[in-house]
Amino acid sequence: MTHGMNEIAPEAGSHDSAAIARRLVAARRQAQALAEYPGALPRTLDEGYACQDAAIALWGRPIVGWKVGRLSAEWEAKLGEERLVGPVFAGAVQAPRSGETARFPVIPGGFAAVEAEFVFRMAADAPADKTDYSHEEAAALVDALLVGVELAGSPLPLINVLGPAIVVSDFGNNAGLILGPEVANWRSRDEAAMRCETFIEGTSVGQGSAASISGGLLGALAFALSRCAGRGYPLKAGMLVTTGAATGIHDIVAGQSSRISFGELGELHCDAVPAVPSSASEDPHA
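The structure presented is a predicted model; accordingly, all values stated were derived computationally and were not measured. (Residues numbered from 1 in each chain as written. Predicted model: local features only at pLDDT ≥ 70, side-chain atom pairs only at ≥ 80, totals over all residues. Heavy atoms only, no water.)

Undergrad: Outline the packing of aromatic side chains, listing residues and values.
TA: Counted according to the given criterion, the structure contains 6 aromatic pairs. Note on Trp59 and Phe89: the rings are 6.0 Å apart at their centroids and 40° apart in plane angle, and the pair reads as tilted. Taken together, the residues span a long stretch of sequence, with Trp59 in helix 2 (residues 45-59) and Phe89 in strand 2 (residues 83-89) at a distance of 30 residues. Residue Phe89 is classed as buried on the basis of its relative accessible area, which comes to 4%. Measuring from ring centre to ring centre gives 5.5 Å for Phe118 and Phe262, while their planes differ by 80°; the resulting arrangement is edge-to-face. With a gap of 144 residues between them, Phe118 in strand 5 (residues 111-122) and Phe262 in the loop between strand 12 (257-261) and strand 13 (267-274) connect regions that are remote in the sequence. Taking the relative accessible area as the measure of exposure, Phe118 reaches 0% and is therefore buried. A relative accessible area of 2% places Phe262 in the buried class. The residue whose ring lies beneath Lys130 is Tyr133, and the NZ or CZ to ring-centre distance is 4.8 Å. (Phe/Tyr/Trp six-rings, centres within 6.5 Å; stacked < 30°, edge-to-face > 60°. Helix = DSSP H or I, 4+ residues; strand = E, 2+ residues; numbered from the N terminus. Buried < 20%, exposed > 50% of the residue type's maximum accessible area, 1.4 Å probe, protein only. Lys NZ or Arg CZ within 6 Å of the ring centre and 35° of its normal.)

Right, dumping it as structure tokens:
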């Protein structure tokens with residue numbers, strides 16, 4: 001069965017976060033792109049997070065981690081925060097063995113991108129009532145740092161153009177995570193020396209390093225710890241936290257392949273494939 005981009009129609013002027021969440025979740029489950037945002041655009045990050053909260057409840061899968069994204073200086077000045085968070089769900093994390101290629105189901109006509117990431121894994125539960133963290137306090141909760149790839153994806157083809165509040169409303173524009181090897185002795189390494197490069201179809205599309213993340217890797221983790229606790233989602237032992245797009249956000253479409261190299265730290269491969277509809281009881285990322 002084919003789906004047209006207009007089958008899930010928005011309700012003009014709707015500010016109902018629950019209704020917006022239902023349409024966004026339905027579009028993801030149906031692997032169906034949306035021609036426009038399904039309701040009135042969230043004007044603030046809090047309005048976006050209200051949609052995200054409603055969508056998390058509808059998605060019905062455990063949260064196993066959080067992605068962190070950086071706002072541009074212009075959006076930070078307008079919205080009052082430097083970063084945003086979105087959930088990573090059980091069933092959406094891949095850890096391919098050496099030589100294996102991960103699969104990235106992308107919604108035809110929607111948005112999809114790969115992002116080279118440095119990913120923290122939590123060693124302990126964060127205190128539920130603590131909402132302010134120094135870098136050292138954040139580091140004390142870390143089990144390991146890994147290299148990885150965030151799979152950014154949404155039914156909304158212009159999600160990033162619409163702005164951070166809209167990104168927040170749709171799971172932070174996250175569609176999954178690929179995990180690579182652990183980074184040994186990460187605390188003592190020079191972040192600028194932890195370099196990475198992203199290739200799509202064999203062509204280099206971006207270079208960077210851990211030092212490309214504004215405020216540093218621990219700055220991103222401290223933000224996630226604070227923001228998630230303040231929303232009632234304190235981080236738990238074993239959870240994963242991405243820290244930001246180290247080489248940029250690189251669009252990809254079904255049929256293309258990507259290679260993300262972290263030099264001596266390892267490399268990851270993924271193939272973008274068309275997403276297919278799934279029921280609420282099925283793995284939405286299978």
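Undergrad: So what about the nonpolar core? Which residues, and what values?
TA: Generally speaking, soluble globular proteins have nonpolar side chains that are buried together. Among the nonpolar cores identified, the biggest contains 81 residues, and Trp66, Phe118, Phe120, Leu221, Leu225, Leu235 and Phe262 are the most heavily contacted of them. At 9 residues, the largest contribution of residues to this core is made by helix 7 (residues 216-230). (Core = buried A, V, L, I, M, F, W, Y, C linked by side-chain atoms within 4.5 Å.)

Undergrad: Let's hear about the environment of Ala272: which residues, and what values?
TA: For Ala272, the position within the fold is in strand 13. The class of Ala272 is buried, set by a relative accessible area of 4%. It is 9.6 Å that separates the C-alpha atoms of Ala272 and Val114, two residues lying 158 residues apart in sequence. Setting aside chain neighbours within four positions, we find Ala272 in contact with Phe104, Val106, Ile252, Val253, Ala254, Gly255 and Gln256. (Contact = heavy atoms within 4.5 Å.)

Undergrad: With reference to specific residues and values, describe the pairing of strand 7 (residues 174-182).
TA: Burial of strand 7 is extensive: 7 of the 9 residues sit out of reach of the surface. Where strand 3 (residues 93-94) lies against strand 7, 2 bridges are found, and the strand directions are parallel. Among the inter-strand pairings, Gln94 is bridged to a residue of strand 7, identified as Ile178. (Pairing = 2+ DSSP bridges.)

Undergrad: Go over the pattern of salt bridges, please, and point to the residues and values.
TA: One pass over the structure, following the stated rule, counts 15 salt bridges. The salt bridge involving Arg28 is made with Asp170; its shortest N-O contact spans 3.0 Å. One end of the pair, Arg28, is in helix 1 (residues 17-29); the other, Asp170, is in the loop between helix 6 (164-169) and strand 7, with 142 residues separating them in the sequence. As far as burial versus exposure is concerned, Arg28 and Asp170 are alike and both buried. A salt bridge links Arg83 to Glu82; the shortest N-O distance between them is 2.7 Å. Judged by its relative accessible area of 30%, Glu82 is partly exposed. It is possible to trace a salt-bridge network through shared partners that takes in Asp46, Glu81 and Arg227. (Salt bridge = Lys/Arg side-chain N within 4 Å of Asp/Glu carboxyl O.)

Undergrad: So what's going on with the environment of Asp170? Which residues, and what values?
TA: Residue classification places Asp170 among the buried positions, given a relative accessible area of 2%. C-alpha separation for the pair Asp170 and Gly60, spaced 110 residues apart in sequence, amounts to 15 Å. Once residues lying within four places of it in the same chain are set aside, the contact partners of Asp170 are Leu24, Arg28, Ser154, Pro155 and Ile159.

Undergrad: Run through a nonpolar patch on the surface, naming residues and quoting values.
TA: Together, Leu41, Leu158, Val161 and Leu162 give the surface a local cluster of nonpolar side chains, amounting to about 360 Å² of exposed area. Note that Leu162 resides in helix 5 (residues 159-162). Given a relative accessible area of 31%, Leu162 falls into the partly exposed group. (Patch = residues over 30% accessible without salt bridge, like charges linked within 9 Å, V, L, I, M, F, W, Y side chains within 5 Å. Areas by Shrake-Rupley, 256 points an atom, 1.4 Å probe, with all protein chains shown as cover.)

Undergrad: Before we move on, can you summarise the sheet that holds strand 9 (residues 203-209) with the specific residues and values?
TA: Read across the sheet, 5 strands follow the order 4-13-12-8-9 without closing on themselves; strand pairing throughout is mixed. Each edge of the sheet is formed by a strand with only one pairing partner; in this case those strands are strand 4 (102-106) and strand 9. Pairs of neighbouring strands in the sheet enclose a mean axial angle of 20°, with direction left out of account. Where strand 12 and strand 13 come together, 5 bridges link them in antiparallel fashion. Across the sheet, the residue bridging to Ser257 is Asp271, located in strand 13. (Axes fitted to C-alpha atoms, helices over the stretch in contact; angles between N-to-C directions.)

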